[in-house]
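As a plain string of letters, each chain reads:
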Amino acid sequence: MNRLVQSAGTRIFSAGRNSSQVRRYAADAHGEVKVNCWEKPTSIAEWKEEHIVIAVLAAWGVTITSAMKIFGGGDKEAAPEAT
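Residues numbered from 1 in each chain as written. Predicted model: local features only at pLDDT ≥ 70, side-chain atom pairs only at ≥ 80, totals over all residues. Heavy atoms only, no water.

(A) Quick peek at the overall build of the protein chain. The secondary structure content of the protein chain amounts to three helices and zero strands. The helix and strand sequence of the protein chain, counted from the amino end, reads α-α-α. Classification of the 83 residues of the protein chain by burial places 6% in the buried group. Within the structure as shown, the protein chain displays about 8200 Å² of accessible surface, and the carbon and sulfur contribution to it stands at 60%. (Helix = DSSP H or I, 4+ residues; strand = E, 2+ residues; numbered from the N terminus. Buried < 20%, exposed > 50% of the residue type's maximum accessible area, 1.4 Å probe, protein only. Areas by Shrake-Rupley, 256 points an atom, 1.4 Å probe, with all protein chains shown as cover.)

Set out below in structure tokens:
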């Protein structure tokens, strides 16, 4: 039994030593090639994910800022009454 456990452990260890690790980018192995947003600004489906996130966050920022300015971004001072 001990011999069986040792041989199995040796096989796992030696297989790990002989295999080489290959690092690849996420878009290399599968899927479409993604492009920068300034290369094809009208084709949002082909943009890189990071550029989509930046565009969405910028749009939310503009929307929230505009809504605050339009719908009362603070108390306004009342005009002084003429008496």
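(B) Representation of the pattern of salt bridges within the structure. With the rule as written, the count across this model stands at one salt bridge. In this structure, K40 engages E46 in a salt bridge whose closest nitrogen and oxygen atoms are separated by 3.0 Å. What makes E46 partly exposed here is its relative accessible area of 25%. (Salt bridge = Lys/Arg side-chain N within 4 Å of Asp/Glu carboxyl O.)

Function cannot be inferred from these measures alone, as they are strictly geometric.
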